[in-house]
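The residues making up each chain are set out below.
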Amino acid sequence: MSYEEFETIKVTVDGAIARITIDRPTALNALSSTVISELTRACGELELQADVRVVIVTGGGPKAFVA
């Protein structure tokens, strides 16, 4: 799966560590149905990767994790 197809989150994998960044800083990373759907899809895909042992969820921008 290409993680580049998401519009509201960014996913990176570095060895055993995956990082999901909610990337809507102008909206203070507010959760929407699109964000929830993309988080669900990304987590499902990461769960299938045997080498991924840790998933870090963070928010983009300087102000808020999520609103």
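First, a word on scope: everything that follows refers to the structure included in this document. These figures come from a predicted structure and were not determined experimentally.

The next thing to look at is the pairing of strand β3 (residues 54–59). One ladder, built from 6 bridges, connects strand β2 (residues 17–22) with β3; its direction is parallel. Across the sheet, residue Ile-20 finds its bridge partner in β3, namely Val-57. Crossover β2 to β3 through helix α1 (residues 33–47) is right-handed.

Tyr-3, Phe-6, Ile-9, Val-11, Ala-18, Ile-20, Ile-22, Val-35, Leu-39, Ala-42, Leu-46 and Val-52 together form the largest nonpolar core, which totals 12 residues. Here this core takes 4 residues from α1, the largest share from any one element.

Rules used in this analysis
Residues numbered from 1 in each chain as written. Predicted model: local features only at pLDDT ≥ 70, side-chain atom pairs only at ≥ 80, totals over all residues. Heavy atoms only, no water. Pairing = 2+ DSSP bridges. Helix = DSSP H or I, 4+ residues; strand = E, 2+ residues; numbered from the N terminus. Right-handed = clockwise from strand over helix to strand, strands pointing away. Core = buried A, V, L, I, M, F, W, Y, C linked by side-chain atoms within 4.5 Å. Buried < 20%, exposed > 50% of the residue type's maximum accessible area, 1.4 Å probe, protein only.

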